[in-house]
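# Breakdown of the fold
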Amino acid sequence: MSRSLIVANWKMHFNIHDASLYVHHFNKALNYHRSIEVVLAPSLLTLQPLSLQIDRRKVRLAAQNAYSKDDGPYTGEVSFTMLSGLVDYAIVGHSERRIYFAESLELIRDKVTAAIRNDINPILCIGESKPEKIAGETKRVIHDQLITAVSDLTAEEVKRVNVAYEPIWSISTFGGEHADPTEIQKTIDYIRYQISELYGASTASEVRVLYGGSVDDQDAGGYLALDGCDGALVGAASLDYEKFVSIIDTAQSIRLAKKKD
Ligand code: PGA
């Protein structure tokens, strides 16, 4: 069983001072669990100072985004090459980037490939919109987003991809509807099935599949208990360090309960 992955996606919140204050409290409150990997994804600007403040044995860093080229005349962009060594993970294809910044399936594929090329583990976000869900297109959307994103990778490289299933309608930004865990189970199973079909069962068993979308300290357990759910991508609730610590502790309790089964 790989380690569970619990990721705080701070989005465009917290300046350097706020981020540092958070980590100060978080370091004290965090209970270390060997089987849980804790990742903070702060703004790009705060990655460097936080890298000096966190205890790297307990917490890792993720970028929220980066560009697919390694260097060149791309004003305003930061590459995975530049982030290499500073972060272990990078969120790629978040729905806010797909929607607000018009990121295409192909650009997201190139970013996933660039992350792997630079030894950074992608956290690939995929998920359907409400109209797509109503039209019964969830599987098609998941299939297209997932398969395109990993299409330039070998089976060995695919193992390093972490897939975060985030139905758009459940993300706080886009309405934050509570998702029924039994429905989420079906899509998690479908994601693994798709990877297995294309890259084999051994690859599919190593890819971690997370859930994201208004996960908070109250309902995290319902998602983390799902079969094959290897973690959570947490937005709004992660801005409160106490809530985030509570989600991490819940992940640990669920692991222990799953082990007993
Ligand atoms: P949320 O965000 O927990 O605020 O819904 C999750 C995400 O967008 O990654």
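Just so it is clear, the model here is predicted, and its values are computed rather than measured.

As a further point, take the pattern of salt bridges. Counted by the stated rule, this structure contains 17 salt bridges. With its nearest N and O atoms 2.7 Å apart, the salt bridge here joins Glu103 to Lys111. In this pair, the class of Glu103 matches that of Lys111, namely buried. Between Asp119 and Arg160 there is a salt bridge, and its shortest N-O distance comes to 2.9 Å. Remark: Arg160 occurs in the loop between helix 8 (155-158) and strand 6 (162-165) and Asp119 occurs in the loop between helix 5 (105-117) and strand 5 (121-126); sequence separation between them is 41 residues. A relative accessible area of 52% places Asp119 in the exposed class. Residue Arg160 is classed as partly exposed on the basis of its relative accessible area of 27%. Each of Glu37, Arg60 and Arg208 takes part in salt bridges that share partners, so that together they form one network.

Right, let's get into unusual backbone geometry. The phi dihedral of Phe14 falls on the positive side, at around 75°, and the residue is not glycine. With respect to the secondary-structure elements, Phe14 resides in the loop between strand 1 (4-9) and helix 1 (16-29). Given the relative accessible area of 23%, Phe14 is considered partly exposed. The phi dihedral of Ser214 is positive, around 55°, even though this residue is not glycine.

Turning next to the environment of Ala8. Within the secondary structure, Ala8 is located in strand 1. With 75 residues separating them in the primary sequence, Ala8 and Leu83 have C-alpha atoms 18 Å apart. The contacts of Ala8, once residues within four sequence positions are left out, are Val39, Leu40, Ala41, Val234, Ser238 and Phe244.

Taken together, Asn9, Lys11, His94, Glu166, Ile171, Ser172, Gly213, Ser214, Val215, Leu233, Gly235 and Ala236 make up the full set of residues near the ligand. Residue Gly235 places a main-chain N or O atom 2.9 Å away from an oxygen atom belonging to the ligand. Compared with its free state, where it exposes 280 Å², the ligand has 99% of that area covered by protein. Counted by class, the shell around the ligand contains four nonpolar, six polar and two charged residues.

The space that makes up the largest pocket amounts to roughly 580 Å³. Every residue lining the largest pocket is counted, 20 residues in all, and those nearest its centre are Met12, Gln64, Asn65, Arg97 and Phe101. Of all the elements, helix 4 (residues 95-100) adds the most residues to the lining of the largest pocket, at three residues. By residue class, the composition of the lining of the largest pocket is nine nonpolar, seven polar and four charged.

Definitions and limits used
Residues numbered from 1 in each chain as written. Predicted model: local features only at pLDDT ≥ 70, side-chain atom pairs only at ≥ 80, totals over all residues. Heavy atoms only, no water. Salt bridge = Lys/Arg side-chain N within 4 Å of Asp/Glu carboxyl O. Buried < 20%, exposed > 50% of the residue type's maximum accessible area, 1.4 Å probe, protein only. Helix = DSSP H or I, 4+ residues; strand = E, 2+ residues; numbered from the N terminus. Contact = heavy atoms within 4.5 Å. Near = heavy atom within 4 Å. Polar contact = N/O pair within 3.5 Å; in protein donor to acceptor, adjacent residues only side chain to side chain. Areas by Shrake-Rupley, 256 points an atom, 1.4 Å probe, with all protein chains shown as cover. Nonpolar A, V, L, I, M, F, W, Y, C, P; charged D, E, K, R; others polar. 1 Å grid on protein atoms, 1.4 Å probe; cavity = no way out; pocket = protein on both sides within 12 Å on 5 of 7 lines; lining within 4 Å. Points joined across faces, edges and corners; volume = space filled by probe spheres on them.

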